[in-house]
Amino acid sequence: MEKKVEKYDVVIIGGGAAGLTAGIYCGRARLKTLLIEKSLVGGLATYTNEIENYPGFPEGATGLGLMELFHKQAKKFGVTFKLTDVKSVNLEGETKIVETFRTTYEAKAVIVASGGKPRLTGAKGEDGFLYDKGISFCATCDAAANTGKTVLVVGSGDAAIEEGMFLTKFADKVIVSVLHDTGKMDCNEIAKAQAMSNPKMEFIWNTVVHEFAGEERLNAVILKNLKTEELIPVKVDSCFLFIGYLPNTDIFKGMLDMNRGGYLITNEKMETNIEGVFAAGDVRDKFLKQVATAVGDGAIAGYSVEKYIAESETFHSQIMRSDMPGMVYVWNAVDPKCRELLPLIEKYEAALVGKVRVTRVDVYKSAGIATRLGVTQVPCIVTIKDGKIDRVITDNICDEEIAAAVE
Amino acid sequence: MAKEVTLDCMGEACPVPLIKTENALKKLTVGDMLIVQIDHSCAMKNVPEWARKEGHNVEIEEVDDGEWEIFIEKTK
């Protein structure tokens, strides 16, 4: 079947808190915005029953309810939603390509907000008990529901042990399945010492999950000792998995810079290593993954896209034109040397009307256009001929030099 | 030549759309597209979930408020 081609200003990949917020900002900036979500709008937050730390909701909110509000707000600003999987992307070059199985989307900018998911054990029966059926990934979310109960924690990293200790405030007994030999854990030493002396905590060493068992709900986890192959059934009311997090970045491998864990690396403007491609939310290498921080990322990414697209337009429609030669003065408003040259530039602006298009680019506001022109040092004069860079003058900018350059 | 088949499940509650989808897809060949029309939000969850699990290509389009079309391309 022939693929449709559709053009957008920006394509956002992922419809969680970060993507939806980016959508709100892009939509409100009147960009033609498409958001692609592979399953249901709302992302990981929708698996959380109660969100009590998202500001503005003193009574708390359900994850689903909160995300529905985000969704509604993005729709209000004209964001188009497509519920399907992104099959592949081509992000190099000025036009970014995002492919789904039915359509090829062309965009000026892309925001990756594809999030991640908690890593699973892959053990038998796991699928049937995820989230509200007994396997949880968030002690903060589900600890209170385990008051007076027995829970199993899988993992021994900082998250596992710290969340495990938090669980002892509610549960009667917290059993920890540790992969390593007796006394060895992946967490920091302080947490380890505290956990080992916590009377409610119990450790089963050298074990991995062999099977999750139960009927409607999980009621037992069968562990397997890796050394002896012995199977150890543990009766539990809930199981918490803290064995890592997997960012959804497979389709960006070899394209976007990522850290060892596969998280995308960005700067504070949410820019990735490819111009016009931004990342926001849990998919980023960041310190704290929360709805509140995803919202911050999304806002910045949306704003950055708007600036990036405006800059692209200036660059093409004003600077790199072939109908008339151009002269660009790249300067920094806070630099006295740059300001001194302004009267001279103004003189040429007036003298060259109708002959040479003169543009001033202030790098103090944004370095984007200067970067596109390959300019790293200011003040600088770039002349454009036939839509291409002709000459670059950085030293000794004076009347004679300019006159010669615009000849 | 791949064909497109439309399956009307308007006004039908779960699990009817899912069962109809499973049966309709059985009759199609690889590369064909099944378009399931639904207006029940629970079908909007379980039909795509099932189709994805089976490994087919899925896209949901909201055609009107509370009305959806689920595009399923048979892949195997």
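Caption draft 1: Highlighting the state of the cysteines. One pass over the structure, following the stated rule, counts one disulfide over all chains. Between C338 of chain A, a cysteine without a disulfide, and C380 of chain A, which holds the nearest cysteine sulfur, the sulfur-to-sulfur distance is 9.8 Å.

Caption draft 2: Up close: the side chain of R357 of chain A. Residue and element names in this part refer to chain A. Within the element layout of this structure, R357 appears in strand β19 (residues 357-362). On the basis of relative accessibility, which here comes to 17%, the residue R357 falls in the buried class. One polar contact links R357 to D323, side chain to side chain, over a distance of 3.3 Å. When sequence neighbours within four positions are dropped, the list of residues in contact with R357 reads Q318, R321, D323, M324, P325, G326 and M327.

Caption draft 3: Quick peek at the interface of chain A and chain B. Counting residues at the interface gives 14 residues for chain A, matched by 16 residues for chain B. The junction of chain A with chain B conceals about 1,300 Å² of combined surface from both sides, 53% of it contributed by carbon and sulfur atoms. Our enumeration of links across chain A and chain B arrives at four salt bridges. Close ionic contact of K82 of chain A with E61 of chain B constitutes a salt bridge, the shortest N to O distance being 3.9 Å. There are six residue pairs in polar contact (both at pLDDT 80 or more) connecting chain A and chain B.

Caption draft 4: Helix α1 (residues 16-27) of chain B, seen in detail. Residues and elements named next belong to chain B. For α1, with 12 residues, the first-to-last C-alpha span of 17 Å sits near the 16 Å given by 1.5 Å per residue. Every buried residue of α1 is accounted for by P17, L18, T21, A24 and L25. Buried positions in α1, seen along its axis, are confined to an arc of 130° and lie on one side of it. Residues of α1 that are exposed and point over 90 degrees away from its buried face: K26 and K27.

Caption draft 5: How the structure looks around the sheet that holds strand β21 (residues 388-393) of chain A. Residues and elements named next belong to chain A. What the four strands build is an open sheet, ordered β19-β18-β20-β21; its pairing is mixed. Edge positions in the sheet fall to β19 and β21, since each has one partner strand and no second. Taking the axes of each pair of neighbouring strands and ignoring which way they run, one obtains an average angle of 20° across the sheet. Bridge count for strand β18 (residues 326-331) against β19 is six bridges, and the pairing is parallel. Bridging from a neighbouring strand, G326 pairs with R357 of β19. Docked against the sheet, helix α8 (residues 342-351) engages β18, β19 and β20 (380-385), running at close to 150° with respect to β19.

Caption draft 6: Inspection of the packing of aromatic side chains at higher detail. Residue and element names in this part refer to chain A. For the structure on display, the rule yields eight aromatic pairs over all chains. Between Y54 and F57, the aromatic rings sit 6.0 Å apart at their centres with planes inclined by 35°, giving tilted as the arrangement. Residue class for Y54 comes out buried when judged on its relative accessible area of 16%. You can call F57 partly exposed: its relative accessible area is 28%. Ring centres of Y54 and F70 lie 6.0 Å apart, and the angle between their planes is 55°; on these two criteria the pair is classed as tilted. Taken together, the residues span a long stretch of sequence, with Y54 in the loop between β2 (33-37) and α2 (63-76) and F70 in helix α2 at a distance of 16 residues. Residue F70 is classed as buried on the basis of its relative accessible area, which comes to 7%. Ring pairing ties together the aromatic residues Y54, F57 and F70, which thus form one cluster. Cation over ring: K32 sits above Y8, and NZ or CZ is 4.5 Å from the ring centre. We note R372 situated over the ring of F315; from NZ or CZ to the ring centre the distance is 5.6 Å.

Parameters and conventions
Residues numbered from 1 in each chain as written. Chains lettered and ligands numbered in written order. Predicted model: local features only at pLDDT ≥ 70, side-chain atom pairs only at ≥ 80, totals over all residues. Heavy atoms only, no water. Disulfide = S-S within 2.5 Å. Helix = DSSP H or I, 4+ residues; strand = E, 2+ residues; numbered from the N terminus. Buried < 20%, exposed > 50% of the residue type's maximum accessible area, 1.4 Å probe, protein only. Polar contact = N/O pair within 3.5 Å; in protein donor to acceptor, adjacent residues only side chain to side chain. Contact = heavy atoms within 4.5 Å. Buried area = accessible area lost by both parts, 1.4 Å probe. Salt bridge = Lys/Arg side-chain N within 4 Å of Asp/Glu carboxyl O. Expected span 1.5 Å × (residues − 1). Arc of directions from axis to C-beta. Pairing = 2+ DSSP bridges. Axes fitted to C-alpha atoms, helices over the stretch in contact; angles between N-to-C directions. Phe/Tyr/Trp six-rings, centres within 6.5 Å; stacked < 30°, edge-to-face > 60°. Lys NZ or Arg CZ within 6 Å of the ring centre and 35° of its normal.

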